[in-house]
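Per-entry structural report
Single-letter residue listing:
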Amino acid sequence: MVKVSISLPSNAQITVESQDQAELQEIVGMLRGLSRDLMHSSTETGTAANGATSQALDTEKSSSVDDSSSRNGNVETPAPQETAPAPVDGDDVVNQSGQTPVAEEVIQPPPGHPPESGTVGRAKAQQEARSAAAVNAFVQFCQSINPLGDMRKVVVAAEGAAQFLQMDSVDADDLASLFDRVGWLIPHSFTQTLRNAARSKFRWLERAPGRSGHYMVTILGRTTILGE
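Described below are features of the structure shown in this document.

Calculation rules
- Residues numbered from 1 in each chain as written.
- Predicted model: local features only at pLDDT ≥ 70, side-chain atom pairs only at ≥ 80, totals over all residues.
- Heavy atoms only, no water.
- Phe/Tyr/Trp six-rings, centres within 6.5 Å; stacked < 30°, edge-to-face > 60°.
- Helix = DSSP H or I, 4+ residues; strand = E, 2+ residues; numbered from the N terminus.
- Buried < 20%, exposed > 50% of the residue type's maximum accessible area, 1.4 Å probe, protein only.
- Expected span 1.5 Å × (residues − 1).
- Core = buried A, V, L, I, M, F, W, Y, C linked by side-chain atoms within 4.5 Å.
- Contact = heavy atoms within 4.5 Å.
- Axes fitted to C-alpha atoms, helices over the stretch in contact; angles between N-to-C directions.
- Parallel < 35°, antiparallel > 145°, perpendicular 65-115°, else oblique.
- Nonpolar A, V, L, I, M, F, W, Y, C, P; charged D, E, K, R; others polar.

Quick look at the packing of aromatic side chains now. Going through the model one piece at a time under the given rule, you end up with 4 aromatic pairs. Considering the side-chain rings of Phe 141 and Phe 164, the 5.6 Å spacing of their centres and the 55° angle between planes classify their relative orientation as tilted. Placement of Phe 141 in helix 2 (residues 118-145) and of Phe 164 in helix 3 (residues 150-164) is noted, with a sequence separation of 23 residues between them. An aromatic cluster is present here, built from Phe 179, Trp 184 and Phe 190 joined pairwise through their rings.

Turning to unusual backbone geometry, a few remarks are in order. In this model, Gln 166 sits at a positive phi of 55°, which is unusual for a non-glycine residue. Position of Gln 166 among the secondary structure elements: in the loop between helix 3 and helix 4 (172-182). Unusually for a residue other than glycine, Arg 203 sits at a positive phi of about 55°. By secondary structure assignment, the location of Arg 203 is in the loop between helix 5 (190-197) and strand 3 (205-207). Among the residues examined, Arg 203 registers a relative accessible area of 52% and is labelled exposed.

The next subject is helix 3. Helix length check: helix 3, at 15 residues, gives a terminal C-alpha distance of 21 Å against a target of 21 Å (1.5 Å per residue), a fit within 8%. For helix 3, every residue scored as buried is listed here: Met 151, Lys 153, Val 154, Val 155, Val 156, Ala 157, Ala 158, Glu 159, Gly 160 and Ala 161. Note on helix 3: the residue one or two positions beyond its end, Gln 166, has a positive phi of about 55°.

On to the nonpolar core. Nonpolar side chains tend to gather and get buried jointly when the protein is soluble and globular. Ranked by size, the top nonpolar core spans 25 residues in total, and within it Leu 175 and Leu 205 carry the most contacts. When residues of this core are traced back to their parent elements, those giving at least two are helix 2, helix 3, helix 4, helix 5 and strand 4 (215-217). In terms of residue count, the dominant contributor to this core is helix 3 (7 residues). Apart from the residues within four sequence positions on either side, Leu 175 is in contact with Val 154, Ala 157, Val 170, Phe 190 and Leu 194.

To continue, consider the packing of helix 3 against helix 5. Where helix 3 meets helix 5, the axes come as close as 9 Å, and the angle between the chain directions of the two elements is 85°. Taken together, the axis directions place helix 3 and helix 5 in an arrangement best described as roughly perpendicular. Between helix 3 and helix 5, the contacting residues are Asp 150, Met 151, Val 154 and Val 155 on the first element and Phe 190, Thr 193, Leu 194, Asn 196 and Ala 197 on the second. Of the residues in the contact of helix 3 with helix 5, the class split is 6 nonpolar, 2 polar and 1 charged.

And the structure:
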C-alpha cells in the first residue's frame, strides 16, 4: 500500500492511501490541480482586498484634503448668477425696443342715476295712483256742490282740499292751483276773497295759527256749503 500526504496553503492536510499505483498517481494529479486553483483564488482575493483598502484610503485622504481646504478658507464657491431686478410698482416697464409704452387712457362713463328697484317703483306708482284718485275725488266733490260766488267757491275748495288732499289750510297760491284743477275761473284777488270769507259777518274761514296767509274752514262755513 502506498500513502501520500499533501499540505494545502490553508494549513489543511490531505492523506491518500491506495494499493493501485496508477490510481494513486491520478488522484495526486487531481489534488495538485486543486491545490493550484486554491492558491490562485487566494491570490486574487488578496489582491482585490488590497485594492479596496487602497481605494478607501485614497477617498479618506481626499476627504481630509477637502476638509482642510475648507478650514483654511480656500474653498472655491461658484459665482452668483446675475438676475434682473424686478420692476417696482409704479415704474414704467421698458419693452425690448427700448421705448416706454404709452399708458392706455381709461375713459369712464359719466355716473348715471341708479335704476329704481322694483319695490321702490311699485311704491312710487301706488303713491301716484293714490294722488290721482285723491285729485279726482276732490274735483268731483267741488263739482257736485257747484257753489255760486267766489267766497263760496273758496270755502268749498278749502274743505275739499282738507278732506281729499290732506291740506289742513290753504293760501292764495294753493287756491289758484285748486281752482285750475276744478276748472273754475280765477277771481280778481284770492287774498281779498279769503279775508271777506273770514270777516265777522260770515266767519266761514279763520286764520291758521302760525301760518301767515293761510286759512281753514270753520264749522259754520262747512255747514253752510254742505247744507246747500
